[in-house]
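Inside the fold
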Amino acid sequence: MENLEVEEIYNVLHLRSKGVVGSLNFRVDRKIVVPALGLESMEKKPHVAIYTTASLPWMTGTAVNPLFRAAYLAKHGVWKVTLVVPWLSLYDQELVYPDNIAFGSASEQEAYVRSWVEERTGFTCGFEIRFYPGKFSLEMRSILPVGDITEIIPDEEADVAVLEEPEHLTWYHHGKRWKTKFRLVVGVVHTNYLEYIRREKNEIQANIVKQVNNWVVSIYCHKVIRLSGATQELPRSVICNVHGVNPKFLEIGKKKKEELENGGWAFTKGAYYIGKMVWSKGYRELLKLLEDHQKELTGLEIDLYGKGEDSDEVKQAAQKLDLAVRVHTGRDHADPLFHDYKVFINPSTTDVVCTTTAEALAMGKIVVCANHPSNEFFKQFPNCRMYDNSNGFAVATRKALEDEPAPLTDEQRHELSWEAATERFLRVAGLMDEPTSADNVTSRMKEMKFASVSLEMLKKLEDISAFIHNAGSGLELFRRALGAVPRSLHVDEEQRRELGLPSTSGKQSTQKH
């Protein structure tokens, strides 16, 4: 008999206690026990609801990557897919969305989102979009859910929930327990919250958040996918990059490869970096490295592109260097302006998996980046040049500027694609493997009777833990103490009107911003 950890065995008992066996099959391996939908026994397509914490036109990773995941998972054809995104009232839209973009209705925003993703994928996206009420937290610079967002999906469709940023979505969750509502709950961790908190606050607060993250994830997720080892360890988690790149970048790389094969000069510019212009996104590290190695990098010219609250300070710091460091406003990375750059320099270590690094590799460029867990996925690509220290940065940068990029092979191009990312997601989420019959699991469970008392105790402890979290998250003082947006326990009348939800006037007072 394989050695299974007590916590992992408990997952089987927990799911069995919900009456899941019969409608679900189980897969058992050395790492974890998770449910896998028995597709052949279902009369309708199983449903996957992808919940995320942001939506276009906010160009952040948690808006873009779940959108592509929904598009390619729906294209796969086996699942019915719903993307569940936050709806912001006009006041918050003005704080979050760029270029004065605003929407008067959810249907307007849905049309915008569909147009954006279909223009980039080149196919009609067959997934549904639903909105949950959200409010923007200025302090956290994040959108937080309002009310019980599990209600967005009807009970009869509650097969699989994918929680993009599971800790973020469950910190203040008050309502039906995710693992009770859905047959399988898979979290995908996008953000290195602890690193940001250490940089911006202190180690004590980072440790508090670490424990809270462990708590809520253990209560609400059957399994967690960490995009890289740069994220904190979480219960029942595996590490796998389940993100791909926008197909437009692969097309750019393909054209550059053709130019090289035809004897042309595919890359006529030097080095650049693009990212949100805040110090924590690698600008501090980059300017310090350039300052320390101005002599070794004499003649280097580098362009920095980005928008953010630290733009003025970054520009002032760059002007103090002897090197030619030019600071520009942010642009779309697919803009033709970037096509001819040969070297992408990215010293950031706060990302979990840097999207712009993947995009630069897809375009056929050489990438210079730190040897860090967040960049582990990129080691397989010959054009990725990693450094271990400050001196290594100078050496890697000089060599990258001297060399020509190696053309991407078809296999390397596929590995960067959303098709490959979807395959990886299905595999690690347990939705692709050949299921094992419930009888086989039952026979294994009989061999584990010696642990039944401990397992039952674990189940009771998790139930108690879930009860405590739900009770606390229902108290305004508790929520405020943990950083929730004021009056976000219930959906206010304004958002009810905007989303077409039933009014509760008479039951609770109208809440205002």
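Up top is the structure.
First, a word on scope: everything that follows refers to the structure included in this document. Because the structure is a prediction, the values reported are computed rather than measured. (Residues numbered from 1 in each chain as written. Predicted model: local features only at pLDDT ≥ 70, side-chain atom pairs only at ≥ 80, totals over all residues. Heavy atoms only, no water.)

With respect to the nonpolar core
Ranked by size, the top nonpolar core spans 104 residues in total, and within it F127, L290, L304 and L416 carry the most contacts. Per-element tally for this core: the top contributor is helix α2 (residues 61-76), with 9 residues. Residues within four places of L416 in sequence aside, it is in contact with G244, V245, L250, A358, L361, A362, F377, F381 and L408. Residues L169, V189, V212 and Y220 belong to the second largest nonpolar core, which totals 29 residues. (Core = buried A, V, L, I, M, F, W, Y, C linked by side-chain atoms within 4.5 Å. Buried < 20%, exposed > 50% of the residue type's maximum accessible area, 1.4 Å probe, protein only. Helix = DSSP H or I, 4+ residues; strand = E, 2+ residues; numbered from the N terminus. Contact = heavy atoms within 4.5 Å.)

Looking at the pattern of salt bridges
In the structure shown here, the tally under the stated rule is 33 salt bridges. The salt bridge partner of D351 is K281, with a shortest N-O separation of 3.0 Å. Of the two residues, D351 sits in the loop between β14 (341-346) and α12 (355-362) while K281 sits in the loop between β11 (269-274) and α10 (283-292), which places them 70 residues apart along the sequence. Residue D351 is classed as buried on the basis of its relative accessible area of 14%. With its nearest N and O atoms 3.0 Å apart, the salt bridge here joins D410 to R413. With D410 and R413 both in helix α14 (residues 410-416) and 3 residues apart, this pair spans about one turn of that helix. (Salt bridge = Lys/Arg side-chain N within 4 Å of Asp/Glu carboxyl O.)

So, the pairing of strand β3 (residues 47-51)
Counting buried positions along β3 yields 5 of 5 residues, so the element is predominantly enclosed. Side chains H47, A49 and Y51 project from β3 onto one buried face, and the interleaved V48 and I50 project onto a second face that is buried too. As paired elements, β3 and strand β4 (residues 80-87) share 5 bridges and run parallel to each other. In the strand pairing of β4, Y51 is matched with V84. Taking the sense of rotation as the criterion, the β-α-β connection linking β3, α2 and β4 turns out right-handed. (Pairing = 2+ DSSP bridges. Right-handed = clockwise from strand over helix to strand, strands pointing away.)

Points about the sheet that holds strand β16 (residues 384-387)
With respect to topology, 6 strands assemble into an open sheet ordered β13-β12-β11-β14-β15-β16, the strand pairing being parallel. Looking along the sheet, the strands with just one partner apiece sit at the ends: β13 (324-328) and β16. Sheet twist, expressed as the mean angle between neighbouring strand axes with direction ignored, is 25°. Against the sheet, α12 makes contact with β11, β14, β15 (366-370) and β16, and its axis sits at roughly 160° relative to β14, the strand it touches most. (Axes fitted to C-alpha atoms, helices over the stretch in contact; angles between N-to-C directions.)

Limitation: the analysis is restricted to geometry and does not speak to function.
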